[in-house]
Structures are given as structure tokens and as C-alpha cells.
Amino acid sequence: MGTLAQVIAAAAAFVGTHLAMSHPLRAPLVSRVGEQRFLGLYSLVSFATLGWLIWAMRRMGPEEFLWAAPEWAWLAASIIMLIASILLVGSLIGNPALPGVPPRAREPRGVFAITRHPMMWGFALWSAAHALVWPQPSVLVLCLAIALLALVGAAGQDAKKSRLQPDFWPEWRRKTGYVPFTGPTPVRAMWPGWGVLLGGVALWLLATWLHPLLSAPPVGVWS
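Note that the structure is predicted; figures quoted are calculated from it, not measured.

Q: How should the packing of helix H6 (residues 118-133) against helix H7 (residues 137-164) be read in this particular structure?
A: Relative orientation and spacing of two packed helices are given, respectively, by the angle between their axes and the distance between those axes. Interhelical geometry of H6 versus H7 gives an angle of 160° and a closest axis separation of 8 Å. By the criterion of interaxial angle, the relationship of H6 to H7 is roughly antiparallel. Of the two elements, H6 crosses H7, and the hand of that crossing is left-handed. Along the contact surface, H6 presents Met-120, Trp-121, Phe-123, Ala-124, Trp-126, Ser-127, His-130 and Ala-131, while H7 presents Val-139, Leu-140, Leu-142, Cys-143, Ile-146, Ala-147, Ala-150, Leu-151 and Ala-154.

Right, here's the structure in full:
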């Protein structure tokens, strides 16, 4: 039988190694072993610590709920997850933070008009929704870990990209907001487009449909 301490240790290892290897340790490790070997090492450490976290979570015995989620909380969580799904789908199209997407001068539109880190905020919203309705101690640790990794990682990405892309990223930061809806872009530019909207709805429907297959309660339109 596992303990909450094991889950906390695994979550700390997962978040700590990911942030350290993404930012302060990346340059010295790349200079020592090369880019390709670094990526292999990074993937190995990420999968190992994630596997440890999953193993620790699965070994947890019965846990008490810290509070009983009211019916409105389940509805709120479904709406939050729908927003998170739209942000995630939109983040996969023309995201200058992703590898292989060339930085170019442009005005932010769609999800990037909402926040320049739509993928990271999608993960953070996922954490918030699950913490709201499934408040077991180990689940709250997992949700906190994912939210910290997403939002601290986004701040670190801003600092790194500003150094690596001084002709693009500082201007991109000026045009966009880290926190959703805090940028200078007008509201009319935040429309994600029908493709992203329908893709987000499809992802949300699929994820909520899969819930019972993962030993979770039916949610969303399937509840």
C-alpha cells in the first residue's frame, strides 16, 4: 500500500527535474552531451519520474474526500474543461512557442489573443477542474504538480524565449498576456475560429466519454 508521502516525492521529482532540465540545466547539459543526447536524457528522466508518479498514485489505498463537491461544481468543472480543450487545440496551430514554428511579426488572434500560453493554461485549467470535484489528497497533489509545472514553466519559457529570440519574443510579450484576458488585444480578436472551436468540443466530448473507462464517474453530457 502506498502513502501520500510517496506521491508527494514523485510529484516533486517530476516537476523539479522537468523545470531544472528545461531551464537552468539545459544549456550546460547540451554543451556537455550535445542536443540529441540531451533530448534523449530529458525524455528518459521525464518518463521515469512520470512513471514513478503514476505508480505511487495507483498504490494509494482508499482516501477520504476533503469536501463533497456540490452539483454546481461538476457543471463548472465541465465548462472549465471545455475551455481548456479549446485552448489546447488552438495552441497546436501556429504556436511560436513550439519547436519548428518560425517566429514572425504578427498580431495575436484566437487563443493567442487570450493568452500567449494557451497550452499551459489548458493544463492548469484541467488541474483546477479536477481538484474542484475530486478532492482526495493524492489527486490534489497531482493537480498542484501539473498546475505548477504548466504556469512556472510558462514563466520560464518567457525568460528563455526573450533571450533566444530578442527580435520577436519581447514584442510578442508586449502584444499578449501571460494571464488570460490581461493582454491589450481587443475582445473581437479572441474568437478562436470554427475549426479550433469544433476541435475543442470534439476533444472535450472524447475525453469526457473516456472517463468511465478510466474508472472515473461519467461527466459532461455523458453524466
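Q: Would you mind going over the side chain of Thr-49 with me for this structure?
A: When you line up the elements, Thr-49 lands in helix H3 (residues 35-58). Given a relative accessible area of 10%, Thr-49 falls into the buried group. Those residues in contact with Thr-49 that lie beyond four places of it in its chain are Ala-10, Ala-13, Phe-14 and Thr-17.

Q: Explain the packing of aromatic side chains here, please?
A: How two aromatic rings sit relative to each other is given by the distance of their centres and the angle of their planes. One pass over the full model with this rule turns up eight aromatic pairs. Between Phe-38 and Tyr-42, the ring centres sit 5.9 Å apart and the planes meet at 40°, which makes this aromatic pair tilted. Highlighted residues: Phe-38 and Tyr-42, both in helix H3, separated by four residues, approximately one helical turn. A centroid spacing of 5.9 Å and a plane angle of 65° characterise the contact between Phe-168 and Trp-169, whose relative ring orientation is edge-to-face.

Q: What is the right way to look at unusual backbone geometry in this model?
A: Note: most residues except glycine have negative phi, and most peptide bonds are trans. Located in the positive-phi region is Phe-181, a residue other than glycine, with phi close to 70°. Even without being glycine, Ser-215 reaches a positive phi, approximately 65°. Mapped onto the elements of the fold, Ser-215 is located in the segment after helix H9 (194-210).

Q: Is there a simple way to explain the side chain of Thr-185 in this structure?
A: Checked against the element boundaries, Thr-185 lands in the loop between helix H8 (169-175) and H9. A distance of 3.2 Å separates the side chain of Thr-185 from the backbone oxygen of Lys-175, its partner in a polar contact. Aside from chain neighbours lying at most four places away, what touches Thr-185 is Pro-108, Ala-113, Lys-175 and Met-190.

Q: Where do I start with the layout of surface pockets in this structure?
A: Remark: the empty space left among the atoms is shown by a probe the size of a water molecule rolled over them. Volume-wise, the largest pocket comes out at about 1,400 Å³. Lining of the largest pocket is provided by 42 residues; of these, Trp-126, His-130, His-211, Leu-214 and Ala-216 occupy positions nearest its centre. Secondary-structure elements contributing two or more residues to the lining of the largest pocket are H3, helix H4 (71-91), H6, H7 and H9. If you tally residues by element for the lining of the largest pocket, the top one is H4, at seven residues. A breakdown of the residues in the lining of the largest pocket according to their chemical character gives 30 nonpolar, ten polar and two charged. Reported here for the second largest pocket is a volume of approximately 900 Å³. Lining of the second largest pocket is provided by 31 residues; of these, His-18, Ser-22, Tyr-42, Met-120 and Gln-157 occupy positions nearest its centre.

What counts and what doesn't
- Residues numbered from 1 in each chain as written.
- Predicted model: local features only at pLDDT ≥ 70, side-chain atom pairs only at ≥ 80, totals over all residues.
- Heavy atoms only, no water.
- Axes fitted to C-alpha atoms, helices over the stretch in contact; angles between N-to-C directions.
- Helix = DSSP H or I, 4+ residues; strand = E, 2+ residues; numbered from the N terminus.
- Parallel < 35°, antiparallel > 145°, perpendicular 65-115°, else oblique.
- Left-handed = near helix turned anticlockwise from the far one by under 90°.
- Contact = heavy atoms within 4.5 Å.
- Buried < 20%, exposed > 50% of the residue type's maximum accessible area, 1.4 Å probe, protein only.
- Phe/Tyr/Trp six-rings, centres within 6.5 Å; stacked < 30°, edge-to-face > 60°.
- Polar contact = N/O pair within 3.5 Å; in protein donor to acceptor, adjacent residues only side chain to side chain.
- 1 Å grid on protein atoms, 1.4 Å probe; cavity = no way out; pocket = protein on both sides within 12 Å on 5 of 7 lines; lining within 4 Å.
- Points joined across faces, edges and corners; volume = space filled by probe spheres on them.
- Nonpolar A, V, L, I, M, F, W, Y, C, P; charged D, E, K, R; others polar.

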